[in-house]
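Next come the chains, spelled out residue by residue.
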Amino acid sequence: MKIFYSFIPDQSLENTLLSYLKILPIGIQSKIYGFKNSEDALRSLLGYALLINGAKYFGYSSSFVVQNMVYNPYKKPYLKNNPIFFNISHSKELAVCIINSTNEVGIDVEAIVPIEIEDYQECFTSSEWHQIFQNNNSLKHFYELWTEKEALLKAESSGLNINLNSFEIINQNCFIDGNNYSIHMVDIHEDYVCKFAVKNPSKPMNYQALHIHFR
């Protein structure tokens, strides 16, 4: 299992990144063109560029990825017949893409920025809410809990139909509807929190984080 990440390149390298847009499926191109904010569009494009580059580490060409990308009924992209499982996330200047050859995965990254934590109380169990404010760094702990919940939902194909406060992750594991989810943290940058989830792992998960530089 590998996690690919990259930061939004400076303007001199944006054309390199834009070259990926031309080879993406029309539906994804339309989605990216539909962003009102150019930075949102660039972040989304960066995520797919990471997927295309990352798939090569598993022996799949960019044309294979593009030609086999489809969406499930819940709008989650995947490759036909699941030769690899992947998920993408981005926040501020950072994009990440996780790829695994054996199990469904989900990943979430969030920049640690000040927010009104109280606005999110309904997203957590009472125990989790207590943990947040008992922690010396409540803001960071909020993001740690948030990203692991989001990663789990993304590993579950119909995850958006699961309420965030309906489950709790204990000792890096959570069981939902007979499925086990294993949660792990990825240290990429001190200003971000990143966690990933693996659905029904049959063995301990080892991963490698790779920084992709677009030139």
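Structural data are supplied above this passage.
Computed from a prediction, not measured in an experiment: that's the story for all the values here. (Residues numbered from 1 in each chain as written. Predicted model: local features only at pLDDT ≥ 70, side-chain atom pairs only at ≥ 80, totals over all residues. Heavy atoms only, no water.)

A few points about the packing of aromatic side chains
Taken as a whole, this structure holds 14 aromatic pairs when the rule is applied. An angle of 55° between the planes, with centres 6.4 Å apart, marks the rings of F124 and W146 as tilted. Here F124 is found in the loop between β6 (105-111) and α5 (126-134), whereas its partner W146 is found in helix α6 (residues 138-155), with 22 residues between them in sequence. Taken individually, F124 and W146 each receive the classification buried, so the pair is uniform in this respect. Taking 5.2 Å as the distance between ring centres and 75° as the angle between the ring planes, the aromatic pair formed by F142 and Y143 counts as edge-to-face. Pair check on accessibility: F142 and Y143 agree, each one buried. Geometry around F167 places K149 over its ring, the cationic atom sitting 4.3 Å from the centre. (Phe/Tyr/Trp six-rings, centres within 6.5 Å; stacked < 30°, edge-to-face > 60°. Helix = DSSP H or I, 4+ residues; strand = E, 2+ residues; numbered from the N terminus. Buried < 20%, exposed > 50% of the residue type's maximum accessible area, 1.4 Å probe, protein only. Lys NZ or Arg CZ within 6 Å of the ring centre and 35° of its normal.)

Observations concerning the pairing of strand β1 (residues 2-7)
Taking burial as the measure, the six residues of β1 include five buried ones, the bulk of the element. For β1 and strand β10 (residues 208-211), the ladder comprises four bridges, and the chain directions are parallel. Bridging from a neighbouring strand, Y5 pairs with H211 of β10. (Pairing = 2+ DSSP bridges.)

A few points about the environment of I8
For I8, the location among the structural elements is in the loop between β1 and α1 (14-21). Residue classification places I8 among the buried residues on the basis of a relative accessible area of 17%. Along the chain, I8 and K75 lie 67 residues apart, while their C-alpha atoms are 25 Å from each other. Setting aside residues no more than four positions away along its own chain, I8 makes contact with L42, R43, L46, K92 and E93. (Contact = heavy atoms within 4.5 Å.)

Here we look at the side chain of H141
Assignment of secondary structure puts H141 in helix α6. Given a relative accessible area of 12%, H141 falls into the buried group. Once you skip the residues sitting within four places of it in the chain, H141 turns out to touch Q131, I132 and N135.

As for helix α2 (residues 26-33)
Within the sequence span of α2, burial applies to I28, Q29 and I32. Buried positions in α2, seen along its axis, are confined to an arc of 105° and lie on one side of it. Facing away from the buried side of α2, by more than 90 degrees, are the exposed residues I26 and Y33. (Arc of directions from axis to C-beta.)

Details of the sheet that holds strand β5 (residues 94-100)
As summarised here, the arrangement of the four strands in space is β4-β5-β1-β10, forming an open sheet in which the pairing is mixed. Two strands close off the open sheet at either side, each with one partner strand: β4 (85-91) and β10. Each adjacent strand pair in this sheet contributes to an overall mean axis angle of 20°, direction not counted. Summarising the sheet, β4 and β5 pair through seven bridges and their orientation is antiparallel. The partner of N87 across the bridge, within β5, is I98. The strands touched by helix α3 (residues 38-56) within the sheet are β1, β4 and β5, with β5 carrying the most contacts at an inclination of about 35°. (Axes fitted to C-alpha atoms, helices over the stretch in contact; angles between N-to-C directions.)

A short note on the pairing of β5
With respect to burial, β5 is a largely interior element, seven of its seven residues being buried. On β5, burial covers both faces: L94, V96, I98 and N100 on one face and A95, C97 and I99 on the other are all buried. Linkage of β4 to β5, two consecutive antiparallel strands, is achieved through a turn of two residues, within which K92 is found at a positive phi near 50°.

So, the pattern of salt bridges
Tallying each qualifying case throughout the model produces six salt bridges. Here E104 ties to K76 by a salt bridge, and the two come within 3.1 Å at their closest N and O atoms. Taken as a pair, E104 in the loop between β5 and β6 and K76 in the loop between β2 (69-71) and β3 (77-79) lie far apart in primary sequence, 28 residues in all. Each of the two residues, E104 as well as K76, counts as buried. Salt-bridge contacts for K149 lead to E128; the nearest nitrogen and oxygen are separated by 3.1 Å. (Salt bridge = Lys/Arg side-chain N within 4 Å of Asp/Glu carboxyl O.)

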